[in-house]
Amino acid sequence: IRTPLAGLRARVELMHRKTAVDAQHRDLEVLLSSIDRLSHTAHQLLALARADPSARASIDFVPVDLLSLTADVVEHQFDHALARRIDLGLDAVPISVTGSPWMLRELLLNLVDNALRYTPEGGQVTVRCGAQGEGVFLAVEDDGPGIPVAERAHVCNRFYRMPGSPGSGCGLGLSIVAEVARLHMADLQIGDGLSGRGTRVKVLFGGG
């Protein structure tokens, strides 16, 4: 699915560059945006399938450097944050956890993508990792609108979106996070951000 979508996007982008008529130019921009959303959804569906518990036997768990992982994801999402005028920061220490590198990267990418989508322009998103008690944590914190307490039990369900949610997501990001956390026997915690504003999603591996 992803390969033909990538080819389609490349072809439409070439047409977009060559088109001078304003109306057609705008139509192609809308088409590019639609292709990007479809590609994102296809990628999420693939990640969700690969994170299914039935696939656990084929997943290799190895030591994962969380400092390198968080720095890589922040760099990957930096342009997205810059385009939305969001201050994307990193608060991380050298620490590791046993897990699947690609799954933990997918988990973190979805957390950061969610935070950037729902935090208003001019806001802040911070990626963190460190030690907590006898465990290790990954967390993403923002100062956006937050998730009401009554909704926190539902937002990890597949295809669930809170009423009035902006944008065009399909409600898969946090379900991927929940599946990956479950496969790593980690505790997924959704709470308020700093000073009770925004959202903090934390994944705690081992210990409390």
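Residues numbered from 1 in each chain as written. Predicted model: local features only at pLDDT ≥ 70, side-chain atom pairs only at ≥ 80, totals over all residues. Heavy atoms only, no water.

1. Focus: helix 4 (residues 101-118)
In this model helix 4 runs 26 Å from its N-terminal to its C-terminal C-alpha over 18 residues, within 8% of the 26 Å that 1.5 Å per residue would give. Residues of helix 4 that are buried include every one of Met103, Leu104, Glu106, Leu107, Leu108, Leu109, Asn110, Leu111, Val112, Asp113, Ala115 and Leu116, and no others. (Helix = DSSP H or I, 4+ residues; strand = E, 2+ residues; numbered from the N terminus. Expected span 1.5 Å × (residues − 1). Buried < 20%, exposed > 50% of the residue type's maximum accessible area, 1.4 Å probe, protein only.)

2. Points about the side chain of asparagine 110
Take asparagine 110: it is sitting in helix 4. Among the polar contacts listed, one links the side chain of asparagine 110 to the backbone oxygen of glutamate 106, at a separation of 2.8 Å. (Polar contact = N/O pair within 3.5 Å; in protein donor to acceptor, adjacent residues only side chain to side chain.)

3. With respect to helix 3 (residues 66-83)
Between its first and last C-alpha atoms helix 3 spans 26 Å; for 18 residues at 1.5 Å apiece the expected length is 26 Å, and the two agree. Remark: the principal bend of helix 3, roughly 45°, maps to glutamine 77. All buried positions along helix 3 are accounted for by Leu66, Leu69, Thr70, Val73, Val74, Gln77 and Ala81. Contact partners of the buried residues in helix 3: strand 1 (62-65), strand 2 (87-92), strand 3 (96-99), helix 4, strand 4 (124-132) and strand 5 (135-142). Put simply, aspartate 65 is the residue that caps the front of helix 3, since its side-chain oxygen is 3.0 Å from the backbone nitrogen of leucine 67. Positioned one or two residues after helix 3, arginine 85 has a phi angle of 55°, which is positive. (Bend = angle between axes of the 7 residues up to and from the residue. Contact = heavy atoms within 4.5 Å.)

4. A few points about the environment of asparagine 110
The class for asparagine 110 is buried, based on a relative accessible area of 4%. Residues asparagine 110 and serine 175 lie 65 residues apart in sequence; the distance between their C-alpha atoms is 9.5 Å.

5. Side note on the pattern of salt bridges
What the rule picks out here adds up to seven salt bridges. A salt bridge links aspartate 72 to arginine 105; the shortest N-O distance between them is 2.8 Å. Of the two residues, aspartate 72 is situated in helix 3 and arginine 105 in helix 4; the sequence distance between them amounts to 33 residues. Its relative accessible area of 32% is what places aspartate 72 among the partly exposed residues. (Salt bridge = Lys/Arg side-chain N within 4 Å of Asp/Glu carboxyl O.)

6. Points about the sheet that holds strand 4
Pairing within the open sheet is mixed, and its five strands lie in the order 2-4-5-7-6. Edge positions in the sheet fall to strand 2 and strand 6 (186-192), since each of these pairs with one other strand and no more. The average undirected angle you get between the axes of adjacent strands in this sheet is 15°. As paired strands, strand 5 and strand 7 (residues 199-205) are joined by six bridges and run antiparallel to one another. If you follow valine 140 over to strand 7, its bridge partner there is valine 201. Together, strand 2, strand 4 and strand 5 form the strand contacts of helix 3, whose direction differs from that of strand 2 by roughly 175°. (Pairing = 2+ DSSP bridges. Axes fitted to C-alpha atoms, helices over the stretch in contact; angles between N-to-C directions.)

Without other data, these values stay purely geometric and don't point to any function.
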